[in-house]
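Structural characterization, general
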Amino acid sequence: MKENKSSNMDFGKMLAKSPTRDNWSKVPTFLKMEGAKYYEVMYSKGGIKDSNDLAKSSVRVWNSRNRLICEFPLFVKDKGNFEGALHFFKDLVQKPRKI
Amino acid sequence: MIKQNINELEEKSIYVIREAKSRFNKMAAMWSMGKDSTAMLAIARKAFLGKIPFPVIHIDNGIDFPESYKFRNDLAEKWGMEVIVAKSKIKPEISGYSCCGSNKTVALKKVLNEYGFEALIVSIRRDEHAVRAKERYISPRDRNFKWNYKDQPAEVWNSYSSKLDKKGHLRVHPLLDWNEIDIWSYIKKNNVPINPLYYSNNGYRYRSLGCTHCTVPIRSNAKSIDSIIKELESTKVEERSGREQDKEKAYIMEKLRSLGYL
């Protein structure tokens, strides 16, 4: 599978700028096409206390060869309300932690 | 941790669930995809000959583990469950207390009002937290979801109160006397499917499951139920030590529960 790293990351950046339902609906197809296998949720250090922390939190996705595919935002923003978006990654498994 | 007779525990839980079903027209069960609520659903299937005759509610703040969402969808299909997913919004200022109190409880109130449920099966256990140890098998909540833990109905000789506050509801707790090892023993004996996050992945596993924001794994190499039980027999660490909202002061947990939190 050809890995075009920069366009993959651009997809994540586009979604972070505009995390609408419409844009999120493209994620399952993207994950399937890129052979996504692992996810890791990255919360802002100290947890989420305000919108800035929210913006800094993300979901990183890797393929089966442990290559980083993309970094996604954590939430869908719909009419000013935030909803968690981790259900979009339900076919992935948590990246094993480093011992 | 002492192993109890799980046949006796199961019989009592089946009795409590059947009693509740016979008394209340509209009942539902809470499901977090954790081991306790999944075991409770397995018991309910036994109680009603293979079917769960009431809806199952998942309060979804959208930041549960992806494995939990997959587990929910797969098991709901396998067991033919009617799952109501109650979406709770996230406010940026979330922390243990605020998240569970203002987000999830609000979502729960909304779904109860929308569907008119009179009783809610919740899979809490007395050994999980000192505040939960105060609970009754059938415990009333008023119209504001508040729990008056200082004035609870007596439950003597398996006699449970079904007095319902107008616009309030009752919480049904069939697993109150179970402990953590009992749950795992039951899961093993009855081949109950469980969330894969409970098993070790590269030296870490989750002993108690909440959402990704407030749950941390423990160091463990337990990859099977037998090894989990063996681990629990020698541990001195509390089950919910990996849950952030429990780290807040104990009175906050009491306040949360008195306001309707599970």
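Use the structure listed above.
Heads up: these notes are all about the structure in this document. (Residues numbered from 1 in each chain as written. Chains lettered and ligands numbered in written order. Predicted model: local features only at pLDDT ≥ 70, side-chain atom pairs only at ≥ 80, totals over all residues.)

Okay, the overall build of chain B next. Per the secondary structure count, chain B includes 8 helices and 8 strands. Within chain B, buried positions represent 45% of all 262 residues. (Helix = DSSP H or I, 4+ residues; strand = E, 2+ residues; numbered from the N terminus. Buried ≥ 20, exposed ≤ 12 C-beta atoms within 10 Å, placed from the backbone.)

Okay, the packing of helix H5 (residues 180–189) of chain B against helix H6 (residues 225–234) of chain B next. Angle between the axes and distance between the axes are the two parameters that describe a pair of packed helices. Residue and element names in this part refer to chain B. Running from N to C, H5 and H6 point in directions that differ by 165 degrees, and their axes come no closer than 10 Å. Compared by their axis directions, H5 and H6 come out roughly antiparallel. Of the two possible hands of crossing, H5 and H6 adopt the one that is left-handed. Seen from H5, the contacting residues are Glu180, Ile181, Trp184, Ser185, Ile187 and Lys188; seen from H6, they are Ile225, Ile228, Ile229 and Leu232. For the contact of H5 with H6, the residue count by class is 7 nonpolar, 1 polar and 2 charged. (Axes fitted to C-alpha atoms, helices over the stretch in contact; angles between N-to-C directions. Parallel < 35°, antiparallel > 145°, perpendicular 65-115°, else oblique. Left-handed = near helix turned anticlockwise from the far one by under 90°. Contact = placed C-beta atoms within 7 Å. Nonpolar A, V, L, I, M, F, W, Y, C, P; charged D, E, K, R; others polar.)

Turning our eyes to something else, we now look at the sheet that holds strand S1 (residues 36–42) of chain A. An order of S3-S2-S1-S6 (chain A) is seen for the 4 strands of this open sheet, with the pairing classed as mixed. Whereas interior strands pair on both sides, the edge strands pair on one side only; in this sheet they are strand S3 (68–73) and strand S6 (93–94) of chain A. (Pairing = 2+ DSSP bridges.)

With that settled, the discussion passes to the environment of Ile228(B). All names here are of chain B. Summarising the element assignment, Ile228 is placed in helix H6. Put simply, Ile228 and Gly50 are 178 residues apart on the chain and 27 Å apart in space, counted from C-alpha to C-alpha. In this view, Ile228 contacts Trp184 and Ala222; residues no more than four positions away in its chain are not counted.

A word on the sheet that holds strand S2 (residues 56–60) of chain B. Residue and element names in this part refer to chain B. Judged by pairing direction, the sheet is mixed, and its 6 strands sit side by side in the order S3-S2-S1-S4-S6-S5 without closing on themselves. Strands with a single pairing partner mark the edges of an open sheet, and in this sheet they are strand S3 (83–87) and strand S5 (138–141). In this sheet, adjacent strand axes meet at a mean angle of 30 degrees when their direction is disregarded. Relative to strand S6 (residues 169–172), strand S4 (residues 119–121) is paired through 3 bridges, and the arrangement is parallel. Across the sheet, residue Ile121 finds its bridge partner in S6, namely Val172. Across the face of the sheet, helix H2 (residues 35–47) comes into contact with strand S1 (27–30), S2 and S4 while running at roughly 140 degrees to S1.

Such coordinate-based values are descriptive only and should not be taken to indicate function.
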